[in-house]
Amino acid sequence: VGEYTQLMSDESWTQSLYKWRDLAEGLTGELPDYAREMALEREFDAISPELQPVFSKVFELQNQYEMAINTAPSASGLTEFSAAVRAAQNDFKSGKIDFLTATKKIDEAYENGGSHKVGYEAAKKRGENLNENARLRTILAKSKNHPTWASYQLESSGQGYTEQYRGPKNQREFLTKLIEALCPIRRKFIEMRIKELGLSVAYEDLREEYLGLLTPRGISRVQDYLPKETITSGWQNTLIASGFEDSTLSQIVVDDGIREGKSRTGAYMSGMLSPSPKKFMIDAANLSILEPQGPAEDWRQGLVYILQSYSGSSMSGLETAFHEGGHALEHLLKKKFIPADESYGYVEVPSMTMERFAADPEVLLSLLTPFEGQLPSVEDLESWIEEQNESNIADVMHMATSALYDLNLWDYDYEQNGAKTYLERVVEVYSEVNKLAGQMPHLESNTPIHYRQVATTHFISGNVRNIGYTYAEIASRMMSEFISDKLEEQTGRRSWYNQPGLAGIFTEYFFEVGWKTKFPENIEAITGKKFSPEYLTKPESQDCADALTI
């Protein structure tokens, strides 16, 4: 970290990049373009020497707080917490307990554990880190003539978006309109489920944490047939059957065990090494790189590390395996020789599209093991998946509200006179976004639920990129439909089970081409369809269960 922060304020490195840019003047091609891009990026990212201590302090405070999350006493109990909530939901849906008993069990689970407990313990130990970090980030943003950290970050990370989808103003408008469109659909769905279940409870008397009781049981029924110990191998076997090569998968290390000090609050992919040719040619006329051709032995292999905890249900673990695996395969198969701006909205598309594997009944059936001597049928799985799709409104709303929360939290001047602290803003922004979404009140636990917002790096990192998930949700649905269409053309089947051509489709459209164009123009070019929030919602629908396109 120290070497990195010194590099960011190294004037000699800045001048070297500027000299490289000057040498590229009048030239065209990938290398001259890269020289110009590097100089522009340096102008944006470089930190003046007097601000280097501030930059270093930000890293120090961030690392300390992340350690506080990982070592929080409640972090070790997240699996038990998830199991308790899931058991209450399943017991109610299977008729073993009534609604009141189920809510009491959920109340008890939230009193004893959960991510809000982890966030509270981390904030109690290192909460001042969050406040100081927000203040220091604002100082750094203002040194670059940006009023807030969000403004500064989105200027940099937005290079991969078309103008319409970048910057605080445009992104806030997009998210607000989407949430406002989803709000009545979500409420109508909840009220419909209350009526279908015959519950004598008003919408206003419910709590957000009870929503899982109201959603159809859906695909959660596969839990008994899907041991967590089989998830990683099942994911690997599915990819091999889809045409991905053993030599590619051998470059992926999956850390799915349990050990002391390991993060239990999430999962991630880290690209340690990128595959690279041992030699390649450059066109001297325009300084463009000629894509190397040759056998696999002429390439240096890459290396990817995936952290998995499988701390939630095995079904969510399976979805996460395909999600992080999508990131890994993109890293290994992209063949990206020169760095180029990519939006987070596009980066998440391959991974979220690959979650489609876990929603394919034939794929699922191939991964299940008998329970009490029985296996569900394909027809059973199709019915469960259809039920699951009815409650997707809650997932999409969560993505959108999380993105707006993330944006508004960091689009704030923490250096102004009378500024609120970061933790005060967490409470304020969380409340504002929940109100916009028409959400039900949260449980009044002995530990306030809003502390869950400081139990994950998604919000405390300052990356301000959560909108990428909302953008990618739309794009991944478009891409999933496109891929199924392609498969049907090739084999006559839309199912993703045992389709060796899948690897070629992903590689040709995602990994080798898509990233070269700004988002969402790349998705539109691939699918031939218009990228729009309306792809998610059907405003004309009178049936709230059909209000989301699947």
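The rules behind each value
- Residues numbered from 1 in each chain as written.
- Predicted model: local features only at pLDDT ≥ 70, side-chain atom pairs only at ≥ 80, totals over all residues.
- Heavy atoms only, no water.
- Helix = DSSP H or I, 4+ residues; strand = E, 2+ residues; numbered from the N terminus.
- Expected span 1.5 Å × (residues − 1).
- Buried < 20%, exposed > 50% of the residue type's maximum accessible area, 1.4 Å probe, protein only.
- Arc of directions from axis to C-beta.
- Contact = heavy atoms within 4.5 Å.
- Pairing = 2+ DSSP bridges.
- Axes fitted to C-alpha atoms, helices over the stretch in contact; angles between N-to-C directions.
- Patch = residues over 30% accessible without salt bridge, like charges linked within 9 Å, V, L, I, M, F, W, Y side chains within 5 Å.
- Areas by Shrake-Rupley, 256 points an atom, 1.4 Å probe, with all protein chains shown as cover.
- Salt bridge = Lys/Arg side-chain N within 4 Å of Asp/Glu carboxyl O.
- Parallel < 35°, antiparallel > 145°, perpendicular 65-115°, else oblique.
- Nonpolar A, V, L, I, M, F, W, Y, C, P; charged D, E, K, R; others polar.

**What about helix H16 (residues 378–390)?**
Okay, so step 1: Given a rise of 1.5 Å per residue, 13 residues ought to cover 18 Å, and the 19 Å separating the end C-alpha atoms of H16 matches this to within 8%.
Okay, so step 2: If you check which residues of H16 are buried, you get Leu381, Trp384 and Ile385. Down the axis, H16 shows its buried residues gathered within 100 degrees of arc, on one side only. Looking at H16, the residues exposed on the side facing more than 90 degrees away from the buried face are Glu379 and Glu386.
Okay, so step 3: Residues of H16 that are buried in the fold lie against helix H15 (361–367).

**Observations concerning the sheet that holds strand S7 (residues 303–307)**
Okay, so step 1: Read across the sheet, three strands follow the order S1-S7-S2 without closing on themselves; strand pairing throughout is mixed. Where the open sheet ends on each side, the last strands, each with one partner, are strand S1 (252–255) and strand S2 (268–273). For this sheet, the mean angle separating the axes of adjacent strands, direction not counted, is 20 degrees.
Okay, so step 2: One ladder, built from four bridges, connects S1 with S7; its direction is parallel. Bridge pairing in S7 places isoleucine 252 opposite valine 304.

**Let's talk about a nonpolar patch on the surface**
Okay, so step 1: Side chains of Val253, Met272, Leu273 and Leu303 sit close together on the surface and give an oily, nonpolar patch of about 340 Å² of accessible area.
Okay, so step 2: On the secondary structure map, valine 253 appears in strand S1.

**Quick notes on the side chain of asparagine 129**
Okay, so step 1: Locating asparagine 129 in the fold gives a position in helix H7 (residues 115–143).
Okay, so step 2: Beyond its immediate chain neighbours, meaning those up to four positions away, asparagine 129 contacts Leu61, Gln64 and Tyr65.

**Considerations on the packing of helix H5 (residues 78–93) against helix H6 (residues 99–112)**
Okay, so step 1: Taken N-terminus to C-terminus, the directions of H5 and H6 make an angle of 175 degrees; their axes are 9 Å apart at the nearest point. It follows that H5 is roughly antiparallel to H6 by the angle criterion. Here H5 contributes Phe81, Ala84, Val85, Ala88 and Phe92 to the contact with H6, which in turn contributes Phe99, Ala102, Lys105, Ile106, Ala109 and Tyr110.
Okay, so step 2: Classifying every residue of the contact of H5 with H6 by side-chain character gives 10 nonpolar, no polar and one charged.

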